[in-house]
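Fold and contact review
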Amino acid sequence: MCGIVGYIGCEQAAPILLEGLKRLEYRGYDSAGISIYQETIQTIKTKGRLADLEEKVNQLGGAMGNMGIGHTRWATHGVPSDINSHPHLSQNGRISLVHNGIIENYMELKKFLIEQGRTFVSDTDSEIAAQLFDYYYQGDMVDALIHMIEKIRGSYAFGIMCRDKPDELVAVRKDSPLLVGIGADGNFIGSDIPALLEYTRDYYLLEDNEIVLLKKNEVTVYNLEKNIIKKEIFHVDWDISSAEKGGYDYFMMKEIMEQPEALRKTLFPRITEDGIQLDGVHFTKEDIDAIGRIHIVACGSAWHASVVGKYVIEELTRIPVEVDLASEFRYRNPILNKGDLCVIVSQSGETADTLAALREAKRQGIRVLAIVNVVGSSIAREADDVIYTWAGPEIAVATTKGYTTQLAVMYLIGLYFSYEKGRISKEQLLQYCKALHEIPQGTEKLLVLDERMSQLAKVYAHSKDVFILGRGIDYAAAMESSLKLKEISYIHSEAYAAGELKHGTISLIEDGTLVIAVATQSHLFEKLLSNIKEVKARGAKVIAIAIEGNKDIETVADEVVYIPETENIFTASYNIIPMQLLSYYIAVERGCDVDKPRNLAKSVTVE
Ligand code: G6P
């Protein structure tokens, strides 16, 4: 969603802000702007892409100054327009502010400010914050910020400058991401690490309502009582190339190709000669035995990984697993019993609904285990236990390595719990571990399908509808395949439990309709074969995904894509690889912006 960058230091601020904002483009935006301080505040903003903003900055002779704030906006209150873009100024032009989040009581605050004689130019909730800050400002930025957030209800990350303070920038966050970068020649704020990685590897991770005062060579963090808080430096050793395309046309392809490595990092340290070792979680055998039900909660692809997780964990542990969409879970007053475990899954660790679901589980006194990729994110910090998916930064909106590493963690949890509960023997555990250990290499093998998928994409790029069928785990995997295809290529696509075909979907099959049949569950294979025959009889073109060596499928499908042999419960990890590649090439073929699909955002930090 919205992205924030701020800088104060010895360098020119504008290029740093524009560069940082480019790295935040993946979050999704429809307008952008910067404010630069030099004697006064100069603000340049525009509807459209960052290139448009850059052009406007250049037309104005480049904005000179060593302090500034920048923003990419994803419209919530008010249409995308120059006026509604950030930074927002107070009426007197003294304050410039960028905001990510939603101010829930903005109507009430606006009414109050109008009563004080203030007028507004935009339709945004964020402009209220700029005016409110100015209303409270009496010469001390930190005091004004404390007063302001005391009045605001909602979620926010703010970066604020004042015309009277040439060497101060203040920031705060609550339920919306923001971190502080500590540099040698200046200091930064940013919505995430990749935005600042070119400039620093040292960060302060902010807790809700910690207030930061940044100066050129000093950063002070306060609590709401204005006491100084001592923060630990969080050092990241990511290479800058991990936030760049590294020769690929799109981040998505780079990230598809990074999957073997991401899986190695996620799996290998946790697979030992003795079985599974989970860092970051502290479950005794008694804890595991006491779990009556597991609730897995997530959004988007993380929810799809959770559906696969349900099949795997139930199969291995016989603990009942419920899977919920976070946006439903948080409002449906879920029944959580003592001894239940809530597993929260999120790549970014910042998805607003998922974070709210976590809080609902905690409010009901349930233990929360999070599966998260972004270290230090809100979900990681608020959960009782965290297992990280070591996928590295994921930039493309459509997740790839984020999803496959989430699957890997589901397997680890299933096996760990299963063995501790005595449901599988040591020998079985080690057998599963061996198969698990092979997944990165198996994934690598599948990536050579690249060329074939690009050929198939040429044939099917202009399909109107695509149906993806599967049974059991294959059905769960089909959901993610379908999402990949529709989100980046804009082709309508649906995943169907093959057994449900006859209850409606089959009426949509006509001559030439593309059906992708995921047929990797050996015990369900024959049933799926019948479903393939049914759609073939109605004119469908069928691409099947099957286990290496399965020749029967070739008699019914038009094309067969083989995946390496593995345990039935691990096949989802392989099924998705050809589908990621096919979706990617279809999107390219159709001229879509693969990394930034229309209307979508990488990190959905508002409801
Ligand atoms: C957005 C992204 C998806 C992601 C979902 C949940 O919709 O485009 O790729 O699966 O949010 O995000 P999270 O960061 O919580 O996994």
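Residues numbered from 1 in each chain as written. Predicted model: local features only at pLDDT ≥ 70, side-chain atom pairs only at ≥ 80, totals over all residues. Heavy atoms only, no water.

1. Side note on the side chain of Thr571
Its place among the elements puts Thr571 in helix H18 (residues 571–589). Sequence-distant contacts of Thr571, that is, excluding residues within four places in its chain, are made with Ile473, Asp474, Thr520, Gln521, Ile547, Ile563 and Thr566. (Helix = DSSP H or I, 4+ residues; strand = E, 2+ residues; numbered from the N terminus. Contact = heavy atoms within 4.5 Å.)

2. Focus: the site of the ligand
If you check the shell around the ligand, you find 13 residues, and the closest are Ser301, Ser346, Gln347, Ser348 and Thr351. Ser346 places a polar side-chain atom, nitrogen or oxygen, 2.6 Å from an oxygen atom of the ligand. Thr351 has a polar side-chain atom sitting 2.5 Å from an oxygen atom of the ligand. In the complex, 90% of the free accessible area of the ligand, which totals 390 Å², lies under the protein chains. The dominant element in the shell around the ligand, judged by the number of residues it contributes, is helix H9 (residues 300–317), at three residues. (Near = heavy atom within 4 Å. Polar contact = N/O pair within 3.5 Å; in protein donor to acceptor, adjacent residues only side chain to side chain. Areas by Shrake-Rupley, 256 points an atom, 1.4 Å probe, with all protein chains shown as cover.)

3. Here's the deal with the packing of aromatic side chains
This model, assessed by the stated rule, comprises 13 aromatic pairs. Centre to centre, the rings of Tyr156 and Phe158 are 5.2 Å apart; their planes meet at 20°, and the pair counts as stacked. The class for Tyr156 is buried, based on a relative accessible area of 1%. Judged by centre distance (6.1 Å) and plane angle (65°), the rings of Tyr432 and Phe570 are edge-to-face. Taken together, the positions of Tyr432 in helix H14 (residues 426–446) and Phe570 in the loop between strand S27 (559–563) and H18 put the pair 138 residues apart, joining distant regions of the chain. Of the two residues, Tyr432 and Phe570, neither departs from the other in class, the shared state being buried. Here the aromatic cluster, defined as three or more aromatic residues joined through ring pairs, consists of Tyr7, Phe188 and Tyr199. (Phe/Tyr/Trp six-rings, centres within 6.5 Å; stacked < 30°, edge-to-face > 60°. Buried < 20%, exposed > 50% of the residue type's maximum accessible area, 1.4 Å probe, protein only.)

4. Examining the domain arrangement of the chain
Many analyses report the size of an interface as the accessible area lost when the parts associate. Domain boundaries assigned for the chain yield domain 1 (3–242), domain 2 (248–424) and domain 3 (447–595). Between the C-alpha centres of domain 1 and domain 3 there is a distance of 45 Å. (Domains from an automatic or database assignment.)

5. Digging into the pairing of strand S25 (residues 514–519)
With six of its six residues buried, S25 lies for the most part within the structure. A two-sided burial pattern is seen for S25, the buried positions comprising Leu514, Ile516 and Val518 on one face and Val515, Ala517 and Ala519 on the other. Summarising the sheet, strand S23 (residues 465–470) and S25 pair through four bridges and their orientation is parallel. Bridge pairing links Ile468 to Ile516 in S25. Sheet topology note: the S25/strand S26 (residues 541–547) ladder contains six bridges and is parallel. Its bridge partner lying in S26, Ala519 is registered against Ala546. (Pairing = 2+ DSSP bridges.)

6. Topic: the packing of helix H16 (residues 473–489) against H18
The geometry of a pair of packed helices is captured by two quantities: the angle between their axes and the separation between those axes. For the pair H16 and H18, the least separation of the axes is 9 Å and the interaxial angle reads 20°. Between H16 and H18, the crossing angle belongs to the class labelled roughly parallel. For the element pair H16 and H18, the recorded crossing hand is right-handed. Residue-level contacts link Ile473, Asp474, Ala477, Glu480, Ser481, Lys484, Leu485, Ile488 and Ser489 of H16 to Thr571, Ala572, Asn575, Ile576, Met579, Gln580, Ser583, Tyr584, Ile586 and Ala587 of H18. Class assignment of the residues belonging to the contact of H16 with H18 gives a composition of 10 nonpolar, six polar and three charged. (Axes fitted to C-alpha atoms, helices over the stretch in contact; angles between N-to-C directions. Parallel < 35°, antiparallel > 145°, perpendicular 65-115°, else oblique. Left-handed = near helix turned anticlockwise from the far one by under 90°. Nonpolar A, V, L, I, M, F, W, Y, C, P; charged D, E, K, R; others polar.)

7. Regarding the sheet that holds strand S2 (residues 31–38)
Spatially, S3-S2-S4-S1-S10-S9-S11-S15 is the arrangement adopted by the eight strands of the open sheet, whose pairing is antiparallel. On the outer flanks of this sheet lie strand S3 (40–47) and strand S15 (234–235), each paired with one strand and no other. Looking at chain direction, S2 and strand S4 (residues 67–73) are connected through seven bridges and run antiparallel. Residue Ser35 lies in a different strand from S4, and its bridge partner there is Ile69. In this fold helix H1 (residues 13–24) packs onto strand S1 (3–9), S2, S4 and strand S10 (186–190), with an angle of close to 155° to the strand it touches most, S1. Most of the contacts of helix H2 (residues 50–59) go to S3, to which it runs at about 140°, and overall it touches S2, S3 and S4.

8. A short note on the pattern of salt bridges
Using the criterion set out here, one finds 43 salt bridges in the structure. In this structure, Arg332 and Glu322 form a salt bridge, with 3.8 Å as the shortest nitrogen-oxygen distance. Taken together, the positions of Arg332 in the loop between helix H10 (326–329) and strand S20 (341–346) and Glu322 in strand S19 (residues 321–325) put the pair 10 residues apart, joining distant regions of the chain. Assessed through its relative accessible area of 37%, Arg332 is described here as partly exposed. (Salt bridge = Lys/Arg side-chain N within 4 Å of Asp/Glu carboxyl O.)

9. What to know about unusual backbone geometry
Cis geometry is adopted by the peptide bond preceding Pro87, which originates at His86 and carries an omega value of -5°. Turning to its location among the elements, Pro87 is positioned in the loop between S4 and strand S5 (88–89). Phi is positive for Tyr490, which is not a glycine, with a value near 65°. Structurally, the position occupied by Tyr490 is in the loop between H16 and strand S24 (492–497).

10. What about the pairing of S10?
Of all five residues in S10, five are buried; the element is thus mostly enclosed. Every second residue of S10 is oriented toward a common face, with Gly186, Phe188 and Gly190 on one face and Asn187 and Ile189 on the other, all of them buried. In this structure, S1 lies alongside S10, joined through five bridges in antiparallel fashion. Bridge pairing in S10 links Gly6 to Ile189. Here strand S9 (residues 179–182) hands over to S10 after three residues, the two strands then running antiparallel side by side.

11. Structural notes on the sheet that holds strand S12 (residues 211–215)
Neighbouring strands of a sheet are bound in pairs by backbone hydrogen bonds; such pairs are parallel or else antiparallel. Strand order in the open sheet made by the seven strands is S5-S6-S7-S8-S12-S13-S14, with antiparallel pairing throughout. Pairing within the sheet leaves two strands with one partner each, and these edge strands are S5 and strand S14 (228–229). Direction of pairing for S5 relative to strand S6 (residues 95–103): antiparallel, over a ladder of two bridges. Note that in S6 the partner of His88 across the bridge is Leu97. With respect to the sheet, helix H5 (residues 141–151) is in contact with S6, strand S7 (154–162), strand S8 (169–174), S12 and strand S13 (218–222), its orientation differing from that of S7 by roughly 155°.

12. Digging into the side chain of Asn531
Its place among the elements puts Asn531 in helix H17 (residues 525–537). A polar contact is formed between the side chain of Asn531 and the side chain of Arg471, at a distance of 3.0 Å. In this view, Asn531 contacts Arg471, Ala498, Gly499, Leu501 and Lys502; residues no more than four positions away in its chain are not counted.

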